[in-house]
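If you want the building blocks of each chain, they are given just below.
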Amino acid sequence: MTAPLIRVQHLTMRFGGLVAIDNVSFEGAPGAITAIIGPNGAGKTTVFNCITGFYRPTVGRLALNHAGGEFLLERMPGHEIARRAKVARTFQNIRLFPGMSVLENLLVAQHNKLMLASGYSVLGILGVGGYGAAERAAIDKARGWLERIGLLEHADRRAGELPYGSQRRLEIARAMCTDPVLLCLDEPAAGLNNRESAELNELLLSIRERDKVGVLLIEHDMSVVMTISDHIVVLDYGRKIAEGAPAQVRGDPAVIRAYLGEDETTPEAAHG
Amino acid sequence: MEYFLQQLVNALTLGAIYGLIAIGYTMVYGIIGMINFAHGDVFMIGGFIALIGFMICVVLGLGWAPLAILLVLLLTMAFTAVYGWAIERLAYRPLRGSFRLAPLISAIGVSIALQNYVQMAQGARSKPHVSLVQGGFNLYSANGFDVRVGWLQIVIVVVTVALMAGFTLLINRTALGRQQRACEQDMKMASLLGVNVDRTISLTFVMGAALAAVAGMMFLMYYGVIDFFVGFLAGIKAFTAAVLGGIGSLPGAMLGGLLIGLIEVFWAGYFSSEYKDVAAFGVLILVLIFRPSGLLGRPEIEKV
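Criteria and cut-off values
- Residues numbered from 1 in each chain as written.
- Chains lettered and ligands numbered in written order.
- Predicted model: local features only at pLDDT ≥ 70, side-chain atom pairs only at ≥ 80, totals over all residues.
- Heavy atoms only, no water.
- Helix = DSSP H or I, 4+ residues; strand = E, 2+ residues; numbered from the N terminus.
- Buried < 20%, exposed > 50% of the residue type's maximum accessible area, 1.4 Å probe, protein only.
- Areas by Shrake-Rupley, 256 points an atom, 1.4 Å probe, with all protein chains shown as cover.
- Lys, Arg positive; Asp, Glu negative; His and termini not counted.
- Charge placed at Lys NZ, Arg CZ, Asp CG, Glu CD.
- Pairing = 2+ DSSP bridges.
- Axes fitted to C-alpha atoms, helices over the stretch in contact; angles between N-to-C directions.
- Contact = heavy atoms within 4.5 Å.
- Domains from an automatic or database assignment.
- Buried area = accessible area lost by both parts, 1.4 Å probe.
- Salt bridge = Lys/Arg side-chain N within 4 Å of Asp/Glu carboxyl O.
- 1 Å grid on protein atoms, 1.4 Å probe; cavity = no way out; pocket = protein on both sides within 12 Å on 5 of 7 lines; lining within 4 Å.
- Points joined across faces, edges and corners; volume = space filled by probe spheres on them.
- Parallel < 35°, antiparallel > 145°, perpendicular 65-115°, else oblique.
- Left-handed = near helix turned anticlockwise from the far one by under 90°.
- Nonpolar A, V, L, I, M, F, W, Y, C, P; charged D, E, K, R; others polar.
- pLDDT = per-residue confidence, 0-100.
- Phe/Tyr/Trp six-rings, centres within 6.5 Å; stacked < 30°, edge-to-face > 60°.
- Lys NZ or Arg CZ within 6 Å of the ring centre and 35° of its normal.

Some words on the overall build of chain B
Point 1. In terms of regular secondary structure, chain B is built from 11 helices and four strands.
Point 2. By principal-axis analysis of the C-alpha atoms, chain B measures approximately 65 × 50 × 35 Å.
Point 3. By the burial criterion, 52% of the 304 residues in chain B qualify as buried.
Point 4. Summed over its atoms, the accessible surface of chain B is roughly 13,700 Å², and 70% of this surface lies on carbon and sulfur atoms.
Point 5. Here chain B contributes 17 positively and 13 negatively charged side chains, and the mean placements of these two sets differ by 9 Å.

Right, here's the structure in full:
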């Protein structure tokens, strides 16, 4: 097996006296979908926030490996994580740029290339250099993604006007436009109906097969998780309680206990 | 009628200057939600740098007005932009993530510091400047009243319109402008997409200062006099213009500048010139009461 794309080691995150994540270690393979599941408050989103630089972990190491080298995410500022370590993410609540057009949302994600090509817009204004070509390439790429997510005819609408399911897909496309090697999706199926979550499965599988991008997936919708995951990590109260292939995790007594509960907690996991 | 036309010409000139300053307020507010109270003083600095620039031109014997103006314009924009950059870097960036009032207080401090610095360096007395652009033409004559348009007024309006057009293109069409608008809507998300937010904010200050510098230079040429305190009133009027147009909105700032220019000049022309500032600020109060989001501003959207 190849080296892991991301290796999380002894990750601990404390907020004052609250231990949100307690000594969690796991790995995500390149080009594979690794799901992180667990009841509400298990610390799943906190793991993402550590990976993408929102939080500085109290203890632990987050090493990301790709052709460009090894990156220790816990030491990098947010925009460097996106640009150099090539990690992209989406949020539970949608965070598109609602006032910008659908196409522009995808262009912002490619702006580093554009800024370089345009000499920080100075040359762009003067019409010098490869700026025009770079801008056209960026637009082509954005349109390619809009076609894949079925939003091509809405390219010029404001992103905030799109229906909910489309906004979710657009957010994933925008993350993909940054050319990530690791895509972190926080509950992408939340609020989607059955048809839409089936489409989402297709999209995520195509991202794995076609783009060879590793995916870290937080999801409550078990129809999504069990169908597409290669590997599942189960958290409960900030600790890892199980890990393995879907079939393996499904039968794990510790997982069943966490979800169904010894103390009659409702299985929120079933509907998120 | 003739009198009205004459006032209109004067108002457009003044409105152009206010509009250029207002853009700086509105952009900074749009991107970091802060009123940069030192912006009026950046405008004043721009005026002084232009004054020094013109003197250098005189010393070097550069008498041809278009060339001298262009040179001084570029020089002023460049040097004032450095001021804008340094102010952000020293006084505002260290306070980012602090409580909301902190940068505001810091801005007031910078404003006072700049005023005192110029007062010490240049003296407290106002400096005269003989404009390179003299004369004009009669637009229209009737009843023994000439409606005069100065060449300088034309230069001011043309330069302003060109700058505003170029600037609007920059914001709407280029990667830089896109990144700025993205930061304005969701800074954290922009950063996650690889946008260098700190640099974007710096550039916003640089652009705002460069535009204020042009306004300062126009002010100097138009009124022929400048002192260390002009930034205060002009800055507050431009701020009023930004609020009137809808703070955070770029076309709003331009429109607001124009309207404040019109109100001030017509009030002075028809009622009383002592109370022209009262009229301008009265508008601010009315806007805040009846249309808090301004003419072109959109109501505050709750950010999640």
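More follows now that the structure is in view.
Structural notes on the sheet that holds strand S1 (residues 6–15) of chain A
The strands that make up a sheet are held in pairs by hydrogen bonds between backbone atoms, and each pair lies either parallel or antiparallel.
All names here are of chain A.
Point 1. Across the sheet, four strands lie side by side as S2-S1-S4-S5; this open sheet has antiparallel pairing. Strands with a single pairing partner mark the edges of an open sheet, and in this sheet they are strand S2 (18–28) and strand S5 (69–72). Taking each pair of neighbouring strands and ignoring which way they run, the sheet shows an average axis angle of 20°.
Point 2. The pairing of strand S4 (residues 59–66) with S5 spans four bridges and is antiparallel. Within S5, the residue paired with alanine 63 across the bridge is leucine 72.
Point 3. Here helix H1 (residues 44–51) sits on the sheet in contact with S1, S2 and S4, set at roughly 110° to S1.

Describing the domain arrangement of chain A
Residues and elements named next belong to chain A.
Point 1. For chain A, the assigned domains are domain 1 (1–86 + 180–195 + 211–272) and domain 2 (94–178).
Point 2. For the pair domain 1 and domain 2, the summed buried area comes to about 920 Å², and 61% of that belongs to carbon and sulfur atoms.
Point 3. Area buried by domain 1 at its contact with domain 2 is led by Pro180, Leu183 and Asp211, which between them contribute 41% of it.
Point 4. The interface formed by domain 1 and domain 2 holds one salt bridge in total.
Point 5. Salt-bridge contacts for arginine 148 lead to aspartate 211; the nearest nitrogen and oxygen are separated by 2.9 Å.

Examining empty space enclosed by the protein
Residue and element names in this part refer to chain B.
Point 1. A full pass over the atoms with the stated rule returns two cavities of 30 Å³ or more.
Point 2. In this model, the largest cavity occupies a volume close to 60 Å³.
Point 3. Around the largest cavity, the lining residues are Val28, Asn36, His39, Val42, Gly84, Ile87, Thr204, Phe205, Gly208 and Ala209.
Point 4. Of all the secondary-structure elements, those providing two or more residues to the lining of the largest cavity are helix H2 (39–60), helix H3 (65–92) and helix H8 (197–223).

What about the packing of H2(B) against helix H4 (residues 101–122) of chain B?
All names here are of chain B.
Point 1. One can describe the packing of H2 onto H4 by two numbers: an axis separation of 9 Å at closest approach and a directional angle of 25°. In terms of their interaxial angle, H2 and H4 are classed as roughly parallel. The element H2 and its partner H4 pack so that their crossing is left-handed. Across from Asp41, Val42, Met44, Ile45, Phe48 and Ile52 in H2, the residues of H4 making contact are Ser111, Leu114, Gln115, Tyr117, Val118 and Gln122.
Point 2. Taken together, the residues that form the contact of H2 with H4 break down as eight nonpolar, three polar and one charged.

Things to note about the confidence of the model for chain B
Point 1. When the pLDDT values of chain B are averaged, the result is 89; 98% of them are 70 or greater.
Point 2. Taking the mean pLDDT of every element in chain B, the minimum, 78, falls on strand S2 (residues 136–142) of chain B and the maximum, 94, on H2(B).

Here we look at the side chain of Arg178(B)
Point 1. Mapping Arg178(B) onto the fold places it in helix H6 (residues 175–185).
Point 2. By relative accessible area, Arg178(B) is classed as buried at 4%.
Point 3. Apart from the residues within four sequence positions on either side, Arg178(B) is in contact with Met100(A), Glu104(A), Leu107(A), Val108(A), Leu114(A), Glu135(A), Ile171(B) and Arg173(B).

Observations concerning the sheet that holds strand S9 (residues 231–236) of chain A
Residue and element names in this part refer to chain A.
Point 1. Taken in spatial order, the six strands line up as S6-S7-S8-S3-S9-S10 in an open sheet, and their pairing is mixed. With one partner strand each, in any of the chains shown, strand S6 (87–89) and strand S10 (239–244) form the two edges of the open sheet. The mean inter-strand angle of the sheet, taken between neighbouring strand axes irrespective of direction, is 20°.
Point 2. Alignment of S6 against strand S7 (residues 182–186), held across three bridges, turns out to be parallel. Bridged to valine 87 within S7 is leucine 182.
Point 3. Relative to S7, helix H7 (residues 164–176) is tilted by about 160°, and along the sheet it contacts S6 and S7.

Examining the interface of chain A and chain B
Point 1. Each partner contributes to the interface: chain A provides 31 residues, whereas chain B provides 24 residues.
Point 2. Together chain A and chain B conceal approximately 2,500 Å² of surface at their shared face, both sides included; 60% is due to carbon and sulfur atoms.
Point 3. In terms of surface lost to chain B, no three residues of chain A exceed His79(A), Arg95(A) and Phe97(A), which account for 21% of the buried area on that side.
Point 4. Summed over the shared surface of chain A and chain B, the result is three salt bridges.
Point 5. Elements with a contribution of two residues or more to the side of chain A that touches chain B: helix H2 (78–83), S6, helix H3 (102–108), helix H4 (111–117) and helix H6 (131–148) of chain A.

Digging into the packing of aromatic side chains
Point 1. Taken as a whole and judged by the stated rule, the model has 16 aromatic pairs over all chains.
Point 2. Measuring from centroid to centroid gives 6.3 Å for Tyr3(B) and Phe145(B), while their planes differ by 85°, and the two rings are edge-to-face. Pair noted here: Tyr3(B) is in helix H1 (residues 2–32) and Phe145(B) is in strand S3 (residues 145–150), with a separation of 142 residues, a long-range link.
Point 3. The exposure class assigned to Tyr3(B) is partly exposed, which follows from its relative accessible area of 33%.
Point 4. Cluster of aromatic residues (ring-pair linked, three or more members): Tyr3(B), Phe4(B), Phe145(B), Phe266(B) and Tyr270(B).
Point 5. Positioned above the aromatic ring of Phe97(A) is the side chain of Arg174(A), whose terminal nitrogen or guanidinium carbon lies 4.9 Å from the ring centre.

Things to note about unusual backbone geometry
Glycine aside, a negative phi is what most residues show, and trans is what most peptide bonds show.
All names here are of chain A.
Point 1. Positive phi, close to 50°, is recorded for histidine 10, a residue that is not glycine.
Point 2. Mapped onto the secondary structure, histidine 10 falls in strand S1.
Point 3. Among the residues examined, histidine 10 registers a relative accessible area of 48% and is labelled partly exposed.
Point 4. The backbone of aspartate 179 shows a phi angle near 60°, a positive value even though the residue is not glycine.
Point 5. With respect to the helices and strands, aspartate 179 occurs in the loop between H7 and S7.
Point 6. Looking at aspartate 179, the relative accessible area reads 35%, which means it is partly exposed.

Focus: the environment of Leu259(B)
Residues and elements named next belong to chain B.
Point 1. Mapped onto the elements of the fold, leucine 259 is located in helix H10 (residues 250–270).
Point 2. Counting along the chain gives 207 residues from leucine 259 to isoleucine 52, while the straight-line C-alpha distance between them is 31 Å.
Point 3. With residues near it in sequence (within four places) discarded, leucine 259 still touches Leu244 and Leu295.

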